[in-house]
Structures are given as structure tokens and as C-alpha cells.
Amino acid sequence: LNYCTISGNTAMASSKSVSGGGVYIEKGSFTMEGCIISGNTAGSETSDANAYGGGIYGASGTNITTNDTTIFGNKVASKNYVDGAGVYLSGAELTMQENSKISGNSCVFGEHASSYGGGVYINNSSTFEMTSGEISKNSAKYGGGVSVSGGTFIMNGGSISSNTVSSKGKGVYV
């Protein structure tokens, strides 16, 4: 995708889980250049379905690259578990480069639930490599910027700042 906007979408489910409010990538390579992924939602604050990937969900076997792309103001919401408000990786690879931004994404969850990765959630042998850009002003219970659970995070440039959590790991939670 080049110079596009994906915004204002909502993925809803009455089953056990819902994923990919803005973009759901099942398999293959996916490059975004100069795109804006904003204001998308996976789930609902009144739903019991777990919610993953408000902006982008990368499933197993996908390879995602962002160049000068902004992932902003997305959310995951549920009375139960919510992870990866900006990006959720499940067995996927993401390379963030050339001034991309993941900012202002939020996990909205029930009182006794949990949430990981306001900006990015890395799971199931996923790899996230950050070579440039910024991850900022995201929120979750754990890992406001980035949460790593069974994957790899490589940071060779860029910045992670001003994220918030209600428990641990404002910048990165491993």
C-alpha cells in the first residue's frame, strides 16, 4: 500500500476473539509506504470477546514493512483480554523503518482483565525490528510501548517515549 489512509473501521465478534480493526494480514508480504492507519478498533468495551490488533493484526507467516507510516489512535477493547492496540504480531515479522510512528494507541479492558502492548504486542515467535521512527503515547496495563511474549524485539534506532501503563513496563515489557 502506498500513500493510503485506513481509518474509522471496527472489527466486532460475539465469539471468543476478534482481530484486526484496521488491517488483518493472513499470509505473505505486506509493505506500507506513507500510509496512515488511524481510529480503528478491534472489539468493544461491552464484549466478552478477547480483542487483538486495533490497527494491524499480523498472522503467522506474514512479513510486514512500514516506511514513513503512522499507526495512530487505534484501540482494542473488551471486558476480558486485549493486546496490541497499534499492532499485534502472532508468528509474524515486522520491520519499522524510515520515520514510521506508532502513537496514541490504547488498550481498553475490564477491571479484572489484562492488556499487553499499547503500541506493539509480540507473540508466538514473532520478530519486531525497529530501525527508525518512534513509539510514543500508547497505553496498556503492561508494556505501554512494546510488550514481548514469546518473540524477539530488535531495536537498532528510533525512540520509545511517553507511554503509560497501569502496572509495569512503560516503554518495553518483556
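Everything below is about the structure shown above.
Residues numbered from 1 in each chain as written. Predicted model: local features only at pLDDT ≥ 70, side-chain atom pairs only at ≥ 80, totals over all residues. Heavy atoms only, no water.

A short note on the nonpolar core
In step 1: Ile56, Ile64, Val87, Leu89, Val120 and Phe128 are the most contacted members of the largest nonpolar core, which has 24 residues in total.
In step 2: Those elements giving two or more residues to this core turn out to be strand E4 (23-25), strand E5 (28-33), strand E14 (87-90), strand E15 (93-97), strand E19 (120-123), strand E20 (127-130) and strand E23 (146-149).
In step 3: Those residues in contact with Phe128 that lie beyond four places of it in its chain are Leu89, Leu94, Met96, Val120, Ile122, Ile135, Val146, Thr152, Phe153 and Ile154.
In step 4: If you look at the next biggest cluster of nonpolar residues, it comprises nine residues, including Ala11, Ala42, Ala85 and Ala140. (Core = buried A, V, L, I, M, F, W, Y, C linked by side-chain atoms within 4.5 Å. Buried < 20%, exposed > 50% of the residue type's maximum accessible area, 1.4 Å probe, protein only. Helix = DSSP H or I, 4+ residues; strand = E, 2+ residues; numbered from the N terminus. Contact = heavy atoms within 4.5 Å.)

Observations regarding the packing of aromatic side chains
In step 1: Considering all chains together, one arrives at nine aromatic pairs under this definition.
In step 2: Consider the rings of Phe128 and Phe153, whose centres lie 5.2 Å apart with planes at 15°: the pair is stacked. Highlighted residues: Phe128 in strand E20 and Phe153 in strand E24 (residues 152-155), separated in sequence by 25 residues.
In step 3: A relative accessible area of 0% means that Phe128 is categorised as buried.
In step 4: Overall, Phe153 belongs to the partly exposed group, its relative accessible area being 21%.
In step 5: Among the aromatic side chains, those forming a connected cluster through ring pairs are Tyr24, Tyr52, Tyr57, Tyr88, Tyr116, Tyr121, Tyr142 and Tyr173. (Phe/Tyr/Trp six-rings, centres within 6.5 Å; stacked < 30°, edge-to-face > 60°.)

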